[in-house]
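# Inside the fold
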Amino acid sequence: MPESFLSFVKSLASRDNVRTLSLSQLDQESSPYARVTANESLSFYSNVRNRSAGVSVVFGSQRVTDQKSTPRQRAIQQRKDQTLREVQAYLERAPLICVQRTIGDNSTFNPKCTLFLSLQRCDNIRQAHLWSHTLRDFAPGAVGPDLYQVCIPEWPESEQQVLAFPEEGLNVILGSDYVGEVKMGFLRLAMWDAKEAGMLSLHAGSKIVKARQPDGQVKQYGMLFFGLSGTGKTTHSCHHHGLTGAGEGMDILQDDIVFLGKDGGALGTERGFYLKTEGLHPDTQPVICRALDQPQALFENVMLTYDGQIDYADLSLGGNGRAVIPRACMSPYVGSSINLPPLSELDGLIVSFITRRMTVLPLVSRLNPEQAAAAFMLGESVETSAGDPRRAGESVRVVGTNPFLIGSEAAEGNWFYDFVREHQDKVWCYLLNTGGVGEIMERDDQGRPVIKQRVTRIAIPEMAAMIRGIVRNTIDWNTDPYFGTPAPRKVEGVDLSKFDLSRYYTAKQAEEYALRLKEERRQYLIGFTGLNDKVVQVSR
């Protein structure tokens, strides 16, 4: 990166073409570009409705750069200096706003964020508006790195790109008006700095639960929920799981990014949640839906009828509708802190890896440290027909379920393995399958998926009951015959007989599905140079 560019960005706030806006000013100036819902909340709309992962490039030393770039990304790399010169020339003349917020709320690590956003199109102010409502007020004296982001939404579509310089604390977004690009741009930079500070950055939700045990004691556990988009990470991070007994309850902390320390504490990042709204229903996700009914909610790309009614099931505007809601809207299920306490202040930490598979994987698997580290590295789910129809049923794998990871993936897995192994007396890991069992899918002559036998899905209340059984320690376990992990034999509130594999497959069919999955996993894990061999051997 030209040395002068970062210095130029840092000097922008003092230029005549830049206005610094407070949160209240953002609220006031963005409201004319919104539609008002029946609940008096605001709904906004963007042209770009997903992150620009295919045109995102990380620049810097070999410690951060990704060698597996596409031809499009290589073209962006080659033109980087020229692009930055053009961006600088544009920023000198375009109307800009400056908005500052703070990630985190603790005494040790609080990245301070400065956003410069072009308002060549005035309605793009909503990007800063919605993003600002996810973070706390700017705290210039807080301990933590300074991060900068430049966003020019109106940049030519043919030149859309995201340039990340994590070692410099800078992100440049060109040609995207998607709020999620701004949000994750800052968080991705913060994740690198957290890694440099010795923490493990997790794409995971966090909460504290109080659950009554079989002996009558009420114990307090921390919980972490890993999961790729659409698997249920936010759903279960923000679900009460029916913990309504005397002394029971929960405190929702985070739903997206946390920084895990070696003491088992996890620093939160956000004061507001940026939730995916697809398929939300008050019967299955009551805490989230009740929060979204409040006027403080802010919506993006959701279906809003002519009379102000929101329809979460109508995906006419795409499947990535979003909402920003303050944690306070989830009362009484939230406290004042966004941070998960260290293990010394808890009775234990329950780590859940959420996947979504449709054939023979147990609905819940209890994992030993090696299996847990393998699950972390696999970060798996399956492609759906809604995502890429031709790849429906194929495995999707992202290390740590974290598509924003920068640097060595094996180092992340080794960090997690060492942590779980060291604290295995107080850290317990599970694999949760929020998909189901029983699907039989074949492909026609054109390679298109053909469903021969539909999956029997596990409903959200059923998985919530299983999580309730985990935290109450009331599940009766046996050994799964295909994967060798402890799996539930009996769970209060769930009829497990309908998920019995013998209802859907012959023993030979079930074994073939299991062997195929285990071989996929083995091939994937052996590809990580430097990963602890005990983790690699799990799939052998």
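Scroll up to find the structure.
In what follows, the accompanying structure is described. (Residues numbered from 1 in each chain as written. Predicted model: local features only at pLDDT ≥ 70, side-chain atom pairs only at ≥ 80, totals over all residues. Heavy atoms only, no water.)

### Let's talk about the packing of aromatic side chains
Counted according to the given criterion, the structure contains 16 aromatic pairs. Measuring from centroid to centroid gives 5.8 Å for Tyr221 and Trp428, while their planes differ by 85°, and the two rings are edge-to-face. Placement of Tyr221 in strand 12 (residues 218-227) and of Trp428 in strand 25 (residues 427-433) is noted, with a sequence separation of 207 residues between them. Taken together, the ring pairs in this structure connect Phe226, Phe353, Phe376 and Phe416 into an aromatic cluster. Sitting over the ring of Trp477, Arg366 keeps its end group 4.7 Å from the ring centre. Over the ring of Tyr524 we find Arg397; its NZ or CZ atom is 5.8 Å from the centre of that ring. (Phe/Tyr/Trp six-rings, centres within 6.5 Å; stacked < 30°, edge-to-face > 60°. Helix = DSSP H or I, 4+ residues; strand = E, 2+ residues; numbered from the N terminus. Lys NZ or Arg CZ within 6 Å of the ring centre and 35° of its normal.)

### With respect to the pairing of strand 25
Most of strand 25 is tucked away, with 6 of its 7 residues classed as buried. Pairing of strand 21 (residues 348-355) with strand 25, which is carried by 7 bridges, proceeds in the parallel orientation. Within strand 25, the residue paired with Thr355 across the bridge is Asn433. In terms of strand pairing, strand 22 (residues 364-367) meets strand 25 through 4 bridges, oriented antiparallel. Across the sheet, Ser365 pairs through a bridge with Leu431, a residue of strand 25. (Buried < 20%, exposed > 50% of the residue type's maximum accessible area, 1.4 Å probe, protein only. Pairing = 2+ DSSP bridges.)

### Digging into the nonpolar core
Counting 97 residues, the largest nonpolar core has Leu224, Met330, Phe353 and Phe416 as the members making the most contacts within it. Here this core takes 7 residues from helix 9 (residues 369-378), the largest share from any one element. Aside from chain neighbours lying at most four places away, what touches Leu224 is Leu202, Gly205, Ser206, Val258, Leu260, Ala266, Leu340, Leu349, Ile350, Val351 and Ser352. Counting 31 residues, the second-largest nonpolar core is a separate cluster that includes Leu26, Leu115, Leu119 and Leu135. (Core = buried A, V, L, I, M, F, W, Y, C linked by side-chain atoms within 4.5 Å. Contact = heavy atoms within 4.5 Å.)

### A short note on the pattern of salt bridges
Per the stated rule, a full pass over the model turns up 27 salt bridges. The residue Arg397 makes a salt bridge to Glu520 at a minimum N-O spacing of 3.3 Å. Taken together, the residues Arg397 in strand 24 (residues 395-397) and Glu520 in helix 12 (residues 507-525) connect sequence positions 123 residues apart. By relative accessible area, which is 17% here, Arg397 ends up buried. By relative accessible area, Glu520 is classed as partly exposed at 31%. (Salt bridge = Lys/Arg side-chain N within 4 Å of Asp/Glu carboxyl O.)

### With respect to unusual backbone geometry
Cis geometry marks the peptide bond from Ser331 to Pro332; its omega dihedral reads 10°. Along the chain, the position of Pro332 falls in the loop between strand 20 (322-326) and strand 21. Its identity is not glycine, yet Asn301 carries a phi of approximately 60°, on the positive side. By secondary structure assignment, the location of Asn301 is in the loop between strand 17 (298-300) and strand 18 (303-304). Exposure remark for Asn301: the relative accessible area of 2% places this residue in the buried category. With phi around 60°, Asn473 is a residue other than glycine that occupies positive phi space. Positionally, Asn473 belongs in the loop between helix 11 (460-472) and strand 30 (476-479).

### Overview of the pairing of strand 13 (residues 249-254)
Among the 6 residues in strand 13, 5 count as buried, and that is most of the element. Looking at chain direction, strand 11 (residues 200-212) and strand 13 are connected through 5 bridges and run antiparallel. Paired with Ser206 across the strands is Gln254, a residue of strand 13.

### Observations concerning the sheet that holds strand 3 (residues 42-44)
Strand order across the open sheet formed by 5 strands is 2-3-17-20-16, with mixed pairing between neighbours. The open sheet has two free edges, formed respectively by strand 2 (35-36) and strand 16 (272-276), since each of these has just one partner strand. Two strands pair when backbone bridges link them, and strand 2 and strand 3 are joined in this way by 2 bridges, in the antiparallel orientation. The residue of strand 3 that forms the bridge with Arg35 is Ser43. This element, helix 5 (residues 125-132), spans strand 3, strand 17 and strand 20 of the sheet and lies at about 130° to strand 17. (Axes fitted to C-alpha atoms, helices over the stretch in contact; angles between N-to-C directions.)

### Looking at the packing of helix 2 (residues 23-30) against helix 5
Where helix 2 meets helix 5, the axes come as close as 9 Å, and the angle between the chain directions of the two elements is 135°. Between helix 2 and helix 5, the interaxial angle falls into the category oblique. Like other packed secondary-structure pairs, helix 2 and helix 5 cross with a definite hand, here left-handed. Across from Leu23, Leu26, Asp27, Glu29 and Ser30 in helix 2, the residues of helix 5 making contact are Ile125, Ala128, His129 and Ser132. Here the contact of helix 2 with helix 5 is composed, by residue class, of 4 nonpolar, 3 polar and 2 charged. (Parallel < 35°, antiparallel > 145°, perpendicular 65-115°, else oblique. Left-handed = near helix turned anticlockwise from the far one by under 90°. Nonpolar A, V, L, I, M, F, W, Y, C, P; charged D, E, K, R; others polar.)

### Re helix 9
Helical periodicity: at 3.6 residues per turn, an α-helix aligns residues three or four positions apart in one direction. Within helix 9, 9 of the 10 residues are buried, which leaves the element mostly enclosed by the surrounding structure. If you check which residues of helix 9 are buried, you get Pro369, Gln371, Ala372, Ala373, Ala374, Ala375, Phe376, Met377 and Leu378. Between a side-chain oxygen at the N-terminus of helix 9 and the backbone nitrogen of Glu370 the separation is 3.1 Å; the capping residue is Asn368. Two residues or fewer past helix 9, Gly379 is found with a positive phi of approximately 45°. (Polar contact = N/O pair within 3.5 Å; in protein donor to acceptor, adjacent residues only side chain to side chain.)

### Looking at the side chain of Arg397
Here the side chain of Arg397 touches Glu380 through a polar contact of 3.0 Å, side chain to side chain. Side chain to side chain, Arg397 and Glu520 meet in a polar contact 3.3 Å long. Here Arg397 is in contact with Arg357, Leu378, Gly379, Glu380, Leu517, Glu520, Arg521 and Tyr524, once residues within four sequence places are set aside.

### Structural notes on the environment of Arg457
Note on placement: Arg457 falls in strand 29 (residues 456-457). Between the C-alpha atom of Arg457 and that of Leu228, which follows or precedes it by 229 residues, the distance is 18 Å. Discounting residues that sit within four places of it in the chain, Arg457 has contacts with Arg356, Met358, Thr434, Gly435, Gly436, Glu462 and Phe499. Within the structure, Arg457 has its side chain in polar contact with the backbone oxygen of Gly435 (distance 2.8 Å).

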